[in-house]
Amino acid sequence: MVKVKKKGKIIILVPYPAQGHVNPMMKLALAFLSLGFDPVMITPEFIHRRIVTNIDPNAKVKLVSVPDELEKDEAPDFFAIEKALEDSIPYHLESVVRKIDEDGEVLCMLVDLLASSAIEVGRRCGVPVAGYWPAMLPTYQIIRSIPDLLSARLISQTGSPRHGGQLSCVPNSPALSTRDLPWLIGNQAARRARFKFWRRTMDRARDLNWLLMNSFSCGQDDEHSKVFQVGALNSSKQGVTKCPSLWEEDKSCLQWLDEQKPNSVLYISFGSWVSPIEEAKVASLASTLEEIGQPFIWVLGHAWRQGLPKRYPERVSKQGKVVSWAPQMEILKHEAVGCYLTHCGWNSIMEAIQCRKRLLCYPVAGDQFVNCAYVVQKWRIGIRIYGFGYKDVEESLRRVMDDTGMNCRLMRLYESTMGDDARFRAMANLTTFLHNITITTCLV
């Protein structure tokens, strides 16, 4: 006879500790909250401090930190975070998970696959584990296909492309080649290390029964029934809670935008994670913007401003603004913004679709090349820019703004991926996942 065990409604969320991972998982936590569950987000201390400082005071998601043994003033890079996630954090995470489960009984742990060591923590604690993929479905399909890429000799045993072969592991995709593989970041040693990271991640995730994905159906569905696409929840109208920014936002740019003409401003941001663009390119883009007189808002951290001409922010203060960090969604919603020059990070792409903004795409690293291919080739809501000289920027801006069909394509894409029907499907996927995991965990 099957024994039914009463389970609690606590859902532990373990994001990878970076802005583009914490925010979508926070939105998912808010969706769990709206459905009557008790979300608890656990993060390393270095990022927990930023979250609690900047989170909306109305948020009811419980935030818990674990020691990370990183320097308190350090801005850790990918490899420092990976080392902490593998070496020190799992021990502390296990203690916290066991304590939460004893106090209230955990329904499941939702683990960002980039923090895959937490999958093993959940298993040791006897807590059901579901995976979370923070990017689009095609990127997951590429990484999941590493064994096939090796068998087909498209890549070496260290992940290097053997030749410029086409990727066929993503159905109905735009043209993708082995040059677009997500681990091809940095020098050869960094690429080998990232490839090893992804192989270990997929090995740990292979036996997961459920995978929630920060993606939406865009002619790209997965044949695996365990995959639940919930990316449209990012555009849901639930509540008023604002996800925390991990850096202080410069709100003065909103007042400046109010004084600009509709569709006249170029918004520029290359994200918060990988080093954006090198010093020479910063210098080139700065000079070009000044020369063509294009109104702009440029998000550029102080660490990347060495390439700016002397006293540049003051010199162009009437034409544009250079800020360290900005309230991106508020900017993209503003009618004065006509175009977004982006690195093609997945969250930035989704926010641009949500706000129906045209895109100039300059992918830098990781999944950004795959995302760019969808924007330019499949959805046709932007164009790719290859340089920041006068001719490159002036022609690219003219082409993207003169495309009379782009507004219609943006609206159709928004409706199909983030409109009311899309949000309903995403919430239905989330409800199905919760039903499945509740039934499974009650049968012991």
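These figures come from a predicted structure and were not determined experimentally. (Residues numbered from 1 in each chain as written. Predicted model: local features only at pLDDT ≥ 70, side-chain atom pairs only at ≥ 80, totals over all residues. Heavy atoms only, no water.)

(A) The side chain of Asn371, seen in detail. With respect to the helices and strands, Asn371 occurs in helix H14 (residues 368-378). With residues near it in sequence (within four places) discarded, Asn371 still touches Met136, Thr139, Cys344, Gly345, Trp346 and Ile349. (Helix = DSSP H or I, 4+ residues; strand = E, 2+ residues; numbered from the N terminus. Contact = heavy atoms within 4.5 Å.)

(B) A look at helix H3 (residues 78-87). For H3, the full list of buried residues reads Phe78, Ala80, Ile81, Glu82, Ala84 and Leu85. Taken together, the buried residues of H3 touch helix H2 (45-54), helix H4 (89-104), helix H5 (117-124) and helix H8 (188-205). You can read the cap of H3 off the contacts: a side-chain oxygen lies 3.2 Å from the backbone nitrogen of Phe79, and it is on Asp77. (Buried < 20%, exposed > 50% of the residue type's maximum accessible area, 1.4 Å probe, protein only. Polar contact = N/O pair within 3.5 Å; in protein donor to acceptor, adjacent residues only side chain to side chain.)

(C) Spotlight on the pairing of strand E11 (residues 337-342). Of all the 6 residues making up E11, 6 are buried; the element is thus mostly covered by neighbouring parts of the structure. In this structure, strand E8 (residues 265-269) lies alongside E11, joined through 5 bridges in parallel fashion. Each residue of the ladder has a partner; that of Ser269, found in E11, is Thr342. Note that E11 and strand E12 (residues 358-361) share 4 bridges and pair parallel. Bridged to Cys339 within E12 is Arg358. Following the chain from E11 across helix H13 (residues 346-355) to the adjacent parallel E12, one finds a crossover that is right-handed. (Pairing = 2+ DSSP bridges. Right-handed = clockwise from strand over helix to strand, strands pointing away.)

(D) Main features of the sheet that holds strand E10 (residues 320-323). Strand order in this open sheet of 6 strands is E10-E9-E8-E11-E12-E13, and the pairing throughout is parallel. Strand pairing shows two members of the sheet lacking a second neighbour, E10 and strand E13 (382-384), which therefore form its edges. Between one strand axis and the next, the sheet turns through 15° on average, direction left out of account. One ladder, built from 3 bridges, connects E12 with E13; its direction is parallel. Looking at the pairing, Leu360 lines up with Ile383 of E13. Sitting on the sheet, helix H10 (residues 279-292) is in contact with E8, strand E9 (296-299) and E11, with an inclination near 165° to E9. Along the sheet, helix H15 (residues 390-402) contacts E8, E11, E12 and E13; its crossing angle with E12, the most-contacted strand, is approximately 150°. (Axes fitted to C-alpha atoms, helices over the stretch in contact; angles between N-to-C directions.)

(E) The packing of H3 against H8, seen in detail. One way to put it is that H3 packs onto H8 with a least axis distance of 12 Å and a crossing angle of 35°. Relative to H8, H3 is oriented so that their crossing is left-handed. Across the interface between the two elements, Phe78, Phe79, Glu82 and Glu86 of H3 pack against Ala190, Ala193, Arg194, Phe197, Arg200 and Arg204 of H8. Classifying every residue of the contact of H3 with H8 gives 5 nonpolar, no polar and 5 charged. (Left-handed = near helix turned anticlockwise from the far one by under 90°. Nonpolar A, V, L, I, M, F, W, Y, C, P; charged D, E, K, R; others polar.)

(F) The arrangement of the pairing of strand E3 (residues 62-66) in detail. Where strand E2 (residues 38-44) meets E3, 5 bridges bridge the pair, whose relative direction is parallel. Across the sheet, residue Val40 finds its bridge partner in E3, namely Lys62. This β-α-β element, E2 to H2 to E3, shows right-handed connectivity.

(G) Region of interest: the pattern of salt bridges. According to the stated counting rule, one finds 15 salt bridges in the structure shown. Lys251 is the salt-bridge partner of Glu330, the closest N and O atoms lying 3.1 Å from each other. Here Glu330 is found in helix H12 (residues 328-333), whereas its partner Lys251 is found in the loop between strand E7 (227-229) and helix H9 (252-258), with 79 residues between them in sequence. Relative accessible area serves as the criterion here: at 40%, Lys251 is assigned to the partly exposed category. Taking the shortest distance from any N to any O, the salt bridge between Arg423 and Asp420 comes out at 2.3 Å. Of the two residues, Arg423 and Asp420 are both situated in helix H17 (residues 420-442); the distance of 3 residues between them amounts to about one turn of the helix. On the basis of relative accessibility, which here comes to 10%, the residue Arg423 falls in the buried class. Take Asp420: its relative accessible area is 53%, and that puts it in the exposed class. If you follow the salt bridges from partner to partner, you end up with Glu82, Glu86, Glu120, Arg200 and Arg204 in one network. (Salt bridge = Lys/Arg side-chain N within 4 Å of Asp/Glu carboxyl O.)

Geometry only, nothing functional implied.
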